[in-house]
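Structural overview for review
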Amino acid sequence: MLKWLAIVLIALQALLQYRLWFGEGGLRELAEVRQRVDHLEAENAPLRARNDRLAAEVVDLKNGLDAIEERARSDIGMVRRDEQFFWVPDAGTGEGVAP
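Residue positions are given per chain, counted from 1 along the sequence in the order it is written. Predicted model: local features are reported for residues with pLDDT of at least 70 only, side-chain atom pairs are reported and counted for 80 or more only, and whole-chain, interface and lining totals are derived from all residues. Heavy atoms from the whole structure form the basis of all side-chain values; hydrogens and water molecules are not counted.

**What about the overall build of the protein?**
Selection rule: Numbering goes from the N terminus for both helices and strands, where a helix is a DSSP run of H or I of at least four residues and a strand is a run of E of at least two. Note on classification: 1.4 Å probe, protein chains only; a residue is buried when its accessible area is under 20% of the maximum for its type, exposed when over 50%, partly exposed between these limits. Calculation of accessible area relied on Shrake-Rupley with a 1.4 Å probe; when residues are assessed, cover is drawn exclusively from the protein chains displayed. Positive residues here are Lys and Arg, negative ones are Asp and Glu, while His and the chain termini are left out of the count. Where a charge sits is defined by one atom per residue type, namely NZ (Lys), CZ (Arg), CG (Asp) or CD (Glu).
Per the secondary structure count, the protein includes 3 helices and 0 strands. Secondary structure elements of the protein occur, N-terminal to C-terminal, as α-α-α. Here the C-alpha coordinates of the protein stretch approximately 105 × 45 × 10 Å along the principal axes. In the protein, which comprises 99 residues, the proportion classed as buried is 3%. Here the protein has roughly 9700 Å² of accessible surface; of this, 61% comes from carbon and sulfur atoms. Side-chain charges in the protein split into 13 positive and 17 negative, and the spacing between the mean points of these groups amounts to 12 Å.

**Some words on the environment of Asp-82**
Inspection of the secondary structure puts Asp-82 in the segment after α3 (65-76). What makes Asp-82 exposed here is its relative accessible area of 65%. Sequence separation of Asp-82 and Trp-21 is 61 residues, and the distance between their C-alpha atoms is 75 Å.

**So, a nonpolar patch on the surface**
Let me state the cut-off plainly: In this scheme, patches are assembled from residues that exceed 30% relative accessible area and form no salt bridge. Like charges are connected within 9 Å, while nonpolar side chains (Val, Leu, Ile, Met, Phe, Trp, Tyr) are connected within 5 Å. A carboxyl oxygen of Asp or Glu within 4 Å of a side-chain nitrogen of Lys or Arg is what we treat as a salt bridge.
Among the surface-exposed residues, Leu-2, Leu-5, Leu-9, Leu-12, Leu-15 and Leu-16 lie close enough to one another that they form a single nonpolar patch of about 610 Å² accessible area. Here Leu-5 shows up in helix α1 (residues 2-22).

**Observations concerning the confidence of the model for the protein**
Heads up, the rule is: Known as pLDDT, the predictor's per-residue confidence is scaled from 0 to 100.
When pLDDT is averaged along the protein, the result is 83, and 91% of the positions lie at 70 or above. Across the protein, the element-wise mean pLDDT spans from 78 in α3 up to 92 in helix α2 (residues 27-63).

**Digging into the pattern of salt bridges**
Scanning all chains against the criterion turns up 1 salt bridge. Glu-41 is the partner of Arg-48 in a salt bridge, and the nearest nitrogen-oxygen pair spans 3.2 Å.

**Remarks on the packing of α2 against α3**
Counted only if it meets this: Axis lines are fitted through C-alpha atoms, for helices just across the contact stretch, and the angle between N-to-C directions can take any value from 0 to 180 degrees. To sort the angles, those under 35 degrees are grouped as roughly parallel, those over 145 as roughly antiparallel, those from 65 to 115 as roughly perpendicular, and the leftovers as oblique. When checking whether two residues touch, look at their non-hydrogen atoms; a contact exists if any pair is within 4.5 Å. Ten residues, namely Ala, Val, Leu, Ile, Met, Phe, Trp, Tyr, Cys and Pro, are considered nonpolar, four, namely Asp, Glu, Lys and Arg, are considered charged, and the remaining ones, Gly among them, are considered polar.
Here α2 crosses α3 at 110 degrees, and the two axes come no closer than 5 Å. Taken as axis vectors, α2 and α3 run roughly perpendicular relative to one another. The residues of α3 that touch α2, namely those facing Glu-57, Asp-60, Leu-61 and Asn-63, are Leu-65, Ala-67, Ile-68 and Arg-71. Tallied by class, residues from the contact of α2 with α3 come to 4 nonpolar, 1 polar and 3 charged.

Okay, here's the thing in structure tokens:
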């Protein structure tokens, strides 16, 4: 009787070990999920940085006129009324320059 109980317990332990290592929700699946999480975290890192920059820009635009003026100057080339704008063509292209 004791011999059969030992055999049953060993078989049960082997079955549980199999399920732990290879079954649904086992250690192999856990390793795959962790690897997938690491991959997604690496993909999300630049997006989080971009979102942080955009959030800081939104706060800047809400709080100060300097940021609005900077955006107007860089994006659409606006100039204030009391300023003068001088356009200097790029001399590095070599167009129209005699050797």
